[in-house]
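Architecture at a glance
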Amino acid sequence: MIESLNYLPHPALPNEELAGHFTDLAPPLTPRQAAIESARCLYCYDAPCSRICPSEIDVASFIRNIHDKNINGAAAGILKQNILGGSCARVCPTEILCEDVCVRNHDAEGQPVKIGLLQRYAVDHMHFAAHPFQRAASTGKTIAIVGAGPAGLSCAHRLAMLGHDVVIFEKEGKAGGLNEYGIAKYKLTDDFAQKEIDFLLDIGGIEIRCRQVLGENLQLRDLHAQYDAVFLGLGLGASRKLGLTGEDAPGLLAAVDYIAALRQAADLAALPVPKRAIVIGAGNTAIDMAVQIQRLGAEEVTLVYRRGFDAMTATRHEQEIAKANQVRMLTWAQPQQVLLDAAGHVAGMRFEKTRIQGTRLAGTGETFDVAADAIFKAIGQSLDTGVLHDPMASLLQREGDKIAVDAGFRTVLPGIYAGGDCVAPGQDLTVQAVQHGKLAALAIHSDLLNKVEAA
C-alpha cells in the first residue's frame, strides 16, 4: 500500500498549485463550439459510430439533438442506453471506438466529429425538472448487487426502472468503483463520479451499503437466500505480481493503490513523491500513473514495457499524453531484478532486453539498470482470490482468472449473475461494464417474470 512510500519526500509545491496540474485533460466545449462541432456530423444512416458503441448509444441522433438545441433530448438518448454517459464521455477511448470509425476521417478535413466531447456537453448541460426516467410499477422483488462500480450501478438503475428494489453492497467507503478510485484525477475532476451517482440514485429504489466485503462480513449464500437474485459486479481487485525477489520491498507497489490514494487525497502536497520513478506496464493505468506522478513533481519518470509500442494496450492518444508530460518510455525490456539500497528500500530495477524469436517473446541476455526511488507496477489485475473464500462463491465456474457467464450474464449458480471486469466477455472498459450491468438487469427481470408465470 501507499504507506510503504512514507520515507519519500513530499511535493515541493503547495496543494493549490498542484491541484492546477489536475484540471480537465480535455476542456469542455463551449456552446458555440458544440454548435459548430454538431454541424459537422453527417447524421449517417446506419451510422458506424453507433454500431461500434459498446453501450449502443444512437450517436447520430444525440448529435442532431444538440444541433437542434434540444439538449435534454440529446442527454435522454445517451442516458437511456448508458446511465453513466457523463463519466464515459470523459474516460471512454473514443479514439479507438466511435471517433475511429467516423466517416469524416476520410474526407478533406480528415478529422472525426468530437463525439466524446459532444456527449459530455449534452450530459453536462441537461436540465430536467426531475429524474428523466420513471420507475415501473413495483414488482415486489429485491435484488442484491455486490459492487458499486460501473457494472453494479448500471445494473441497479435498470432494475429500478423496471420496478425492482435494489440493495448494493460495496467494499469501499464510497460507491463508484474505478470511476472513484482508479481513473486519473485529470480525467474525472470536480468530484464528478459522486455527482453522477447522486443523479443515478434519484430514480429511487436503490440503497447502497458500504464496507461490505464478500467472503468477510458478507456471504453469498446469505444473499442468495434473502434476495430474489444476486448480481456480482466485483471488478478485479488483485494486482498481478512480477514474480521477482524484493517485490514486497518498501517503494514497490501497485499503481492502482497510488492512484486511489491520489484521487482521495484532500491535500496533494501530503503525498509521498519519488524523485525518480519507474512504471511497469503498457495499458491506460500505466500511462495514468506515469503522468500523474510526473505532475506531482517527480523529476524523472520512466515507463517500461516488454514489447513494442504497437503492442501496447494504451491507445496512441494515451501514449501521446505520456510523451507530452515528459514521461520517458522504454520498450523491449522486461523486469529481471529489483535493486535495493542498504536500508532495503527500492533503488531501481534491472531489465533484460527482449526481442521476438519466432512467434514468442524472448530475452536477449543483455541487461541494463534504471535507478529509481519507487516502482509502480501496472501489469493488470485479476479477480481477488479473497472473494473465493466465500463457500458459495468458490463454486462459481471460472474462465481463466474471471467468472464464466452465459450470454445473459448468468453464472452456473441459479439466480446469481455477474458482469463487468470480473467476467470473461468483452474488454475491461467502463463503457463495457455499463453495458454488462444493463444487459444483466434485463436478463434478471426476464428470468424473474418467467419464474412468476411458471409458478
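Structural notes, computed from the coordinates. Note that the structure is a prediction, hence the values are computed from the model and not measured.

A positive phi angle, near 65°, is found at lysine 69, a position not held by glycine. Relative to the elements of secondary structure, lysine 69 occurs in the loop between helix H4 (59-67) and helix H5 (71-81). Backbone geometry at aspartate 190 places phi at a positive 55°, although glycine is not the residue there. Here aspartate 190 is to be found in the loop between helix H9 (178-181) and helix H10 (192-201). The class of aspartate 190 is exposed, set by a relative accessible area of 60%.

Our next topic: the pairing of strand S8 (residues 300-304). Both faces of the sheet carry side chains from a regular strand, because those side chains alternate between them. With four of five residues buried, S8 is to be regarded as a mostly interior element. Where strand S7 (residues 276-281) and S8 come together, five bridges link them in parallel fashion. By the bridge assignment, arginine 276 is partnered in S8 with glutamate 300. You can see the chain leave S7, run along helix H13 (residues 284-295) and come back into S8, and the turn it takes is right-handed. Where S8 meets strand S9 (residues 328-330), three bridges bridge the pair, whose relative direction is parallel. Looking at S9, one finds that threonine 302 is bridged to arginine 328.

Inspection of the entire model under this criterion finds four cavities of 30 Å³ or more. In this structure, the largest cavity encloses a volume near 150 Å³. For the lining of the largest cavity, the secondary structure elements donating two or more residues are helix H6 (85-91) and helix H7 (115-124). A per-element tally of the lining of the largest cavity places H7 first, with three residues. The calculated volume of the second largest cavity comes to roughly 100 Å³. Around the second largest cavity, the lining is made up of 16 residues, and of these Cys41, Cys44, Cys49, Cys102 and Val103 lie nearest the centre.

Sheet strands associate in pairs through backbone hydrogen bonding, adopting either a parallel or an antiparallel arrangement. Across the sheet, five strands lie side by side as S6-S13-S7-S8-S9; this open sheet has parallel pairing. With partners counted over all chains shown, the strands left at the sheet margins are strand S6 (252-254) and S9, one partner each. Geometrically, the sheet is characterised by an average inter-axis angle of 20° between neighbouring strands, direction not taken into account. Against the sheet, helix H12 (residues 255-264) makes contact with S6 and strand S13 (374-378), and its axis sits at roughly 75° relative to S6, the strand it touches most.

What counts and how
Counting starts from 1 at the beginning of each chain's written sequence and moves along it residue by residue. Whole-chain, interface and lining totals are the exception, using all residues; otherwise, since this is a predicted model, local features are given only for residues with pLDDT of at least 70 and side-chain atom pairs are given and counted only at 80 or more. Neither water nor hydrogens contribute to the side-chain values; these are computed over all heavy atoms in the structure. In this text, helices come from DSSP runs of H or I with a minimum length of four residues, and strands from runs of E with a minimum of two, each type numbered from the N-terminal end. Under the scheme applied here, a residue whose accessible area is under 20% of the maximum for its type counts as buried, over 50% as exposed, and between as partly exposed, the area being computed with a 1.4 Å probe on protein chains only. In this analysis, strands are considered paired if DSSP registers two or more bridges between them. If you view a crossover with the strands going away from you and the path from the first strand over the helix to the second runs clockwise, you call it right-handed. Here a cavity means grid points, on a 1 Å grid over the protein atoms only, where a 1.4 Å probe fits yet cannot get out; a pocket means an open set of points with protein on both sides within 12 Å along at least five of seven lines; lining residues are those with an atom within 4 Å of a point. Grid points are joined across faces, edges and corners, and a volume is the space filled by probe spheres set on the points. Axis lines are fitted through C-alpha atoms, for helices just across the contact stretch, and the angle between N-to-C directions can take any value from 0 to 180 degrees. We call two residues in contact when some of their heavy atoms are within 4.5 Å.

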